[in-house]
Amino acid sequence: MKKLFLLALVLPIAASMLAQTIQSPNGKTTLTFALNATGEPTYRLSFNKKEIVQPSRMAILLKEQPSFDKDFSIAKIDSTIFDETWTPVWGESRTIRNRYKELAVTLRQAAVPDRLFVIRFRLYDDGLGFRYEFPEQASLVHFIVSDEKTEFDLTGDHKAFWIPGDYDTNEYQYSTSKLSEVNGLAGSPASEIHARTPIGTNFVQTPLMMKSADGGYLNIHEAALVNYPAMNLEVDKTSFKLTSHLVPDAVGNKAYLQAPCHTPWRTIIVADKATDILASRLILNLNEPSNIADVSWIKPTKYVGVWWEMHVGKSTWDYAGTQSASTWDLTKLTPSGRHGANTQRVKTYNDFAAKHHFDGVLVEGWNTGWEDWFGKWKEDVFDFVTPYPDFDIAELSNYAKQKGVKIIMHHETSGSVTNYERWMDKAYDLMKKYNYDAVKTGYVGKIIPRGEHHDGQWMVNHFNRVAAKTAERQIMLDAHEPVRPTGLHRSYPNWLACEAARGNEFNAWSVGNPPDHETILPFTRLMGGPMDYTPGIFQIKMSYFDPNKKDQVHTTLAKQLALYITMYSPLQMAADLPEIYEQHLDAFQFIKDVAVDWDDSRYLEAEPGDYLSIARKAKMQNEWFIGAITDENARTATLPLNFLDEKTPYIATIYADAADAHWEQNPMAYQINSYLVTKETILKLKLAAGGGAAVRIRLLTEGDGRNYKAYK
Ligand code: NOJ
Ligand code: CA
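Residues numbered from 1 in each chain as written. Chains lettered and ligands numbered in written order. Predicted model: local features only at pLDDT ≥ 70, side-chain atom pairs only at ≥ 80, totals over all residues. Heavy atoms only, no water.

### Some thoughts on the coordination of the calcium ion (ligand 2)
For the calcium ion (ligand 2), every protein donor is listed as Glu171 (OE), Glu481 (OE), Glu499 (OE), Glu499 (OE) and Glu505 (OE), and the spread of their distances is 2.3 to 2.7 Å. Angles of 51 to 159° at the metal separate the six donor atoms of the calcium ion (ligand 2), which places the site in the irregular class. Taken in sequence order, the residues that donate to the calcium ion (ligand 2) follow the motif E-x309-E-x17-E-x5-E. With a gap of 328 residues between them, Glu171 in the loop between strand S11 (159-162) and strand S12 (175-178) and Glu499 in the loop between strand S26 (495-498) and helix H8 (506-509) connect regions that are remote in the sequence. A residue is classified by how much of its surface remains accessible, and Glu171, at 8% relative accessible area, is buried. On the basis of relative accessible area, Glu499 is assigned to the buried category, the value being 1%. (Donors = N, O, S within 2.8 Å, 3.2 Å for Na, K, Ca; no water. Tetrahedral: all angles 85-135°; square planar, octahedral: opposite > 155°, others 65-115°. Helix = DSSP H or I, 4+ residues; strand = E, 2+ residues; numbered from the N terminus. Buried < 20%, exposed > 50% of the residue type's maximum accessible area, 1.4 Å probe, protein only.)

### What to know about the pattern of salt bridges
Counting across every chain of the model gives 47 salt bridges. Between Glu148 and Arg266 there is a salt bridge; the shortest N-O distance is 2.8 Å. In this pair, Glu148 is assigned in strand S10 (residues 142-154) and Arg266 in strand S20 (residues 265-271), connecting sequence segments 118 residues apart. The two residues Glu148 and Arg266 agree in class, both being buried. Its salt-bridge partner being Lys355, residue Glu582 comes within 3.8 Å of it at the nearest N-O pair. Within this pair, whereas Glu582 is found in helix H11 (residues 578-582), its partner Lys355 is found in helix H4 (residues 343-355), the two being separated by 227 residues in sequence. Via salt bridges that share partners, Glu102, Arg120, Arg122, Arg131 and Glu133 belong to a single interconnected network. (Salt bridge = Lys/Arg side-chain N within 4 Å of Asp/Glu carboxyl O.)

### Here's the deal with the sheet that holds S26
Two orientations exist for strands paired in a sheet by backbone hydrogen bonds: parallel and antiparallel. Spatial ordering of the open sheet is given by S26-S25-S24-S23-S22-S21-S27, a layout of seven strands whose pairing is parallel. What marks the edges here is a single partner per strand, and that holds for S26 and strand S27 (571-573). Sheet twist, expressed as the mean angle between neighbouring strand axes with direction ignored, is 25°. With three bridges connecting them, strand S25 (residues 476-479) and S26 associate as parallel partners. Following the sheet pairing, Ala479 is matched in S26 by Cys498. Along the sheet, H4 makes contact with strand S21 (301-306), strand S22 (360-363) and strand S23 (406-412), crossing S21 at roughly 150°. (Pairing = 2+ DSSP bridges. Axes fitted to C-alpha atoms, helices over the stretch in contact; angles between N-to-C directions. Contact = heavy atoms within 4.5 Å.)

### As for the environment of Gly445
With respect to the element layout, Gly445 can be found in the loop between strand S24 (438-442) and helix H7 (457-472). On the accessibility criterion, Gly445 (7% relative accessible area) is buried.

### Re the site of ligand 1
If you check the shell around ligand 1, you find 14 residues, and the closest are Glu364, Glu412, Lys440, His480 and Glu505. Between ligand 1 and the protein, one listed contact pairs an oxygen atom with a side-chain N or O atom of His480 at 2.7 Å. In this structure, Glu505 approaches ligand 1 through a side-chain N or O atom, which is 2.8 Å from an oxygen atom. Classifying every residue of the shell around ligand 1 gives five nonpolar, three polar and six charged. (Near = heavy atom within 4 Å. Polar contact = N/O pair within 3.5 Å; in protein donor to acceptor, adjacent residues only side chain to side chain. Nonpolar A, V, L, I, M, F, W, Y, C, P; charged D, E, K, R; others polar.)

### Notes on the nonpolar core
With 194 residues, the main nonpolar core has Tyr43, Phe121, Phe134, Phe152, Leu242 and Ile268 as its most contacted residues. Those residues in contact with Leu242 that sit more than four places away from it in its chain are Thr150, Glu151, Phe152, Leu154, Leu179, Leu208, Met210, Ile220, Leu233, Glu234 and Val235. Of all hydrophobic cores here, the second largest spans 21 residues; its members include Ala637, Ala652, Ile654 and Ala656. (Core = buried A, V, L, I, M, F, W, Y, C linked by side-chain atoms within 4.5 Å.)

### Some points on the packing of helix H10 (residues 557-566) against helix H12 (residues 585-593)
At their nearest, the axes of H10 and H12 sit 10 Å apart, and the two run at 10° to each other. As far as their axial angle goes, H12 and H10 are roughly parallel. Residues Leu557, Leu561, Tyr564 and Ile565 of H10 touch H12, and the partners they reach there are Ala587, Phe590 and Ile591. Split by residue class, the contact of H10 with H12 holds seven nonpolar, no polar and no charged. (Parallel < 35°, antiparallel > 145°, perpendicular 65-115°, else oblique.)

### Observations regarding H10
Side chains that are three or four residues apart share a direction in an α-helix, a result of its 3.6 residues per turn. Counting buried positions along H10 yields 10 of 10 residues, so the element is predominantly enclosed. Among all positions of H10, only Leu557, Ala558, Lys559, Gln560, Leu561, Ala562, Leu563, Tyr564, Ile565 and Thr566 are buried.

### Focus on the side chain of Asp478
For Asp478, the position within the fold is in strand S25. Here Asp478 sits buried without a salt bridge, and the closest side chain of opposite charge, Lys440, lies 5.4 Å off (N-O distance). (Lys, Arg positive; Asp, Glu negative; His and termini not counted.)

### Here's the deal with unusual backbone geometry
Note that the residue after Thr206, namely Pro207, is joined by a cis bond; omega there is -5°. For Pro207, the location among the structural elements is in the loop between strand S13 (203-205) and strand S14 (208-211). Residues other than glycine seldom take positive phi values, yet Ala224 does so here, at roughly 60°. Position of Ala224 relative to the elements: it lies in the loop between strand S15 (217-223) and strand S16 (231-235). Positive phi, close to 55°, is recorded for Glu481, a residue that is not glycine. With respect to the element layout, Glu481 can be found in the loop between S25 and S26.

### Focus: the packing of aromatic side chains
Centre distance and the angle of the planes are the two values used to describe a pair of aromatic rings. Tallied over the full model, the rule gives 35 aromatic pairs. An aromatic cluster of at least three residues, connected via ring pairs, comprises Phe33, Tyr43, Phe68, Phe72, Phe117, Phe121, Phe130, Tyr132, Phe134, Phe143 and Phe152. A cation sits over an aromatic face here: Arg450 above Trp377, 5.8 Å from the ring centre. A cation over a ring is seen here: Arg490 above Trp86, with NZ or CZ 3.7 Å from the ring centre. (Phe/Tyr/Trp six-rings, centres within 6.5 Å; stacked < 30°, edge-to-face > 60°. Lys NZ or Arg CZ within 6 Å of the ring centre and 35° of its normal.)

### Considerations on the sheet that holds strand S36 (residues 709-710)
Strand order in the open sheet formed by seven strands is S28-S29-S30-S35-S32-S33-S36, and the pairing between neighbours is mixed. Where the open sheet ends on each side, the last strands, each with one partner, are strand S28 (598-607) and S36. Of the pairings in the sheet, the one linking strand S33 (residues 670-677) to S36 comprises two bridges and is parallel in character. Along S36, the bridge assignment pairs Tyr675 with Lys709. Across the sheet, H10 is in contact with S28, strand S29 (611-618), strand S30 (623-630), strand S32 (650-657), S33 and strand S35 (692-699); its angle to S30 comes to roughly 120°. Its contacts with the sheet put H12 on S30, S32, S33 and S35, and the angle it makes with S32 is roughly 120°.

### What to know about the environment of Asp126
Looking at where Asp126 falls in the secondary structure, it is placed in the loop between strand S8 (112-124) and strand S9 (127-134). Beyond its immediate sequence surroundings of up to four residues, Asp126 is in contact with Ile268, Ile269, Val270, Ser280, Arg281 and Leu282. Side-chain polar atoms of Asp126 contact the side chain of Ser280, separated by 2.8 Å.

Quick look at the structure:
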């Protein structure tokens, strides 16, 4: 590990009226801090000498106390440089370099002369992070943030990839439009999302991905969201200025803080190639290192589950077969015979997982309460410790142990978080007793405490409390319907993944996700961290399960394989049913082989909304996997294999769309071929409309014989 921490300069107050300019370590980005004529703090950012953010103001407004907004003078300026290479517990690469120039500006206001406010900037070669800090001081102890006014004054009417600003959900379809055409109340009807609180016409969420008319790429998000609400952005459609908009609490306040403390980092990532946005580690680097000493129990995981069969309507979560029973007293309920999580069915999944070497089996619908699930805003729905009568938790725990598989726990809170908090300790005790080491949580519904929002400070603290508590108990975590991630998996490496966006599940029972959805997610939602997208759907048309259903996954089968690479996550589900995989064991082989932890990742080609191709090297193996996907347009992915080492030859097994494949007309047509390749090879992969390709590349071994043709 290389580490360098240097105190570069402390400027005297005499310099206070001057603008302060710093450059990133390689000189590519430039930041200027200045106070304007009314003493408001401003910053501007340029990349390759081109202005990206014009002078933009920064302010924190307080309730019942003078705000941190104007009439400032500079009390002190500190500048440092930092360079460290660290090793994540799991990730897209084995090591990560964290190198930046820092500028910390201490400010003072004439009207409150003994109160200090710090703005800390970290300038990277690929962008900027900054946050507001409130030092320990007699004149500021407890305070309420009524608003934050951080501006991002952009240089033009950029093309933006956005979802509506909302306090409760990020499960929207993406829209692609100019900033001037954003409409946070139009777009997809989104009636399939259970708890929605759209903010208004001009509001969008982050990560916000943008492209300028001259081909530059720009991403705005935040890092290390702790004890603070999430940030939405208000778009000024004529000046193209974005302004932060924090999620309020039940009484309209934004955050309750006590000094010393600080806000999350506001992040701006810049690039002249779209692939460099994907390669950025800026958000992760701005998060605190993990303090979990023993990480031996944290394992990237591939899993199957009693899950998709409920989404396609083959079985149910609840025992009585109705989600609107007038009671969920088990003595009064008659079993419907369609309950998915029954002992026999769970054994079938365990057998399947063991046979195909999966680590885990998720089981949803195992506990009482599902008769009274979403939409009721009721406090006591689930208790997280009482199995349904047909789910034998002790027997299944032994069965899984014998098979060498772990059952993954499911805690659907229905948004009643007060109730979950009351049960958490007992629920984790039960998990430990029965040998579960991972939990998937869920928050479908309006939040209780009533009036709180999924993305407000109270819930942010809840999500982080669950991460800390599960870490203490050596439990891995996957959160569905949480606030969108901000790189906190660096601090909590047990927090393998989140959903926090529109997952594959929407394809089973709604208008679904259009074919470009997965070409946008890596540039938006995934900038903050891994997503439990649940790929691997092979039976693409839902009419297979119910002739009346018109829904389908907007994909080809080969594209589902590619998603294991293009949608980075250390937690990957093979989401379809065992009996479906049994019909396509040749294609299923890719899901069995694909790694979930990586030494290296190469972002080969990408354009948000259109296509992307990524190659990744499996951790501690001389083995590479490639995923290439496209939107609704067919295309050819051209992929040089120059990342392979000199050892030759390798075998590339290519899982591709058949010549006549098409996401709508012929989605399940694929072909599998193996060839000899070397580092000189350039793969040209034909991707069908809405399609993709997946490739496994491994060294030729003695047992392989000589029957492979060279790739041409
Ligand atoms: C929504 C989650 O995203 C999904 O994975 C889960 O099956 C249901 N809620 C039920 O908890
Ligand atoms: Ca969901």
